[in-house]
Amino acid sequence: MAVSAVAGDERVLCRLLDIPDGQARGFMPINREDRLFAVRRGDRVRVYINSCPHNWRPLDFAQDRFLSGDGHDIVCYAHGAHFSIDTGECIEGVCLGEFLIRVPARVENGMILITLALPQIPV
């Protein structure tokens, strides 16, 4: 699904219902890698740039595979690092204490809105 523009400095990422509760989904593909991903917990959504702070490579090994088997953590499948869904902090692995880059997001009228200007990864 393409991200569409809305008034002001936000754009629609998708409908809340486009992400099953308790799961994650990638968005804004560049070549075969999603630029960002969203994790849904009920009516709450967290959106992050799809890049591990260990070496700034994508976290997922397959499409929409961002969570641990039990769904409790975000996982970098290249290095096995685990991140808190709520904060993006690495809680286990090679980048312990570092953070995923969070994208400001909110839910309004069943739509997930994100900022128009996305944060960038360090170069």
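Worth saying up front: this structure is predicted, and the values here are computed from it rather than measured.

Asks: Got a minute to help me understand the sheet that holds strand E3 (residues 24-30) in this structure?
Replies: In a beta sheet, neighbouring strands pair by backbone hydrogen bonds and run either parallel or antiparallel. Pairing in this open sheet of 4 strands is antiparallel, and the strands run E3-E4-E5-E9 from one edge to the other. A strand with exactly one partner marks an edge of an open sheet, and here the two such strands are E3 and strand E9 (102-103).

Asks: Can you walk me through the pattern of salt bridges in this structure?
Replies: Oppositely charged side chains may form a pair once their charged atoms are brought near each other. Per the counting criterion, the structure on display carries 4 salt bridges. Linking Arg 44 and Asp 86 is a salt bridge whose minimum nitrogen-to-oxygen distance equals 3.0 Å. Of this pair, Arg 44 sits in strand E5 (residues 44-49) while Asp 86 sits in the loop between strand E7 (82-84) and strand E8 (90-92); the two residues are 42 residues apart in sequence, bridging distant segments of the chain. Through salt bridges with shared partners, a single ionic network connects Glu 10, Arg 106 and Glu 108.

Asks: In this structure, what is going on with the state of the cysteines? I would like to understand it.
Replies: Each disulfide consists of one covalent bond between the sulfur atoms belonging to two cysteines. For the structure shown, the criterion picks out 0 disulfides. The structure places no disulfide on Cys 95, whose sulfur is separated from the nearest cysteine sulfur, that of Cys 90, by 3.6 Å.

Asks: Before we go on, may I ask you to explain the sheet that holds strand E6 (residues 73-75) in this structure?
Replies: Taken in spatial order, the 3 strands line up as E6-E7-E8 in an open sheet, and their pairing is antiparallel. Each having just a single partner strand, E6 and E8 make up the two edges of the open sheet. Looking at each pair of strands side by side, their axes are set apart by 45 degrees on average, direction ignored. Note that E6 and E7 share 3 bridges and pair antiparallel. Residue pairing for E7: Asp 73 is matched across the bridge by Ser 84.

Asks: Help me understand the pairing of strand E11 (residues 111-115), please; the structure alone is not making it clear to me.
Replies: Every other side chain in a regular strand lies on the same face of the sheet, so the side chains alternate between the two faces. Burial of E11 is extensive: 4 of the 5 residues sit out of reach of the surface. Two elements, strand E2 (residues 10-15) and E11, share 5 bridges in a ladder whose sense is antiparallel. If you follow Arg 15 over to E11, its bridge partner there is Met 111. As defined by bridge partners, strand E10 (residues 105-108) adjoins E11 across 4 bridges and the pair is classed as antiparallel. Across the sheet, Ala 105 pairs through a bridge with Ile 114, a residue of E11.

Asks: What exactly am I supposed to notice about the environment of Arg 41 here?
Replies: Inspection of the secondary structure puts Arg 41 in strand E4 (residues 33-41). Owing to a relative accessible area of 23%, Arg 41 belongs among the partly exposed residues under this scheme. Residues Arg 41 and Glu 98, spaced 57 residues apart in sequence, show a C-alpha to C-alpha distance of 23 Å. Dropping the residues within four chain positions of it, Arg 41 is found in contact with Asp 21, Gly 22, Gln 23, Leu 67, Gly 71, His 72 and Ile 85. Separated by 3.1 Å, the side chain of Arg 41 and the backbone oxygen of Gly 22 make a polar contact.

What counts as what
- Residues numbered from 1 in each chain as written.
- Predicted model: local features only at pLDDT ≥ 70, side-chain atom pairs only at ≥ 80, totals over all residues.
- Heavy atoms only, no water.
- Pairing = 2+ DSSP bridges.
- Helix = DSSP H or I, 4+ residues; strand = E, 2+ residues; numbered from the N terminus.
- Salt bridge = Lys/Arg side-chain N within 4 Å of Asp/Glu carboxyl O.
- Disulfide = S-S within 2.5 Å.
- Axes fitted to C-alpha atoms, helices over the stretch in contact; angles between N-to-C directions.
- Buried < 20%, exposed > 50% of the residue type's maximum accessible area, 1.4 Å probe, protein only.
- Contact = heavy atoms within 4.5 Å.
- Polar contact = N/O pair within 3.5 Å; in protein donor to acceptor, adjacent residues only side chain to side chain.

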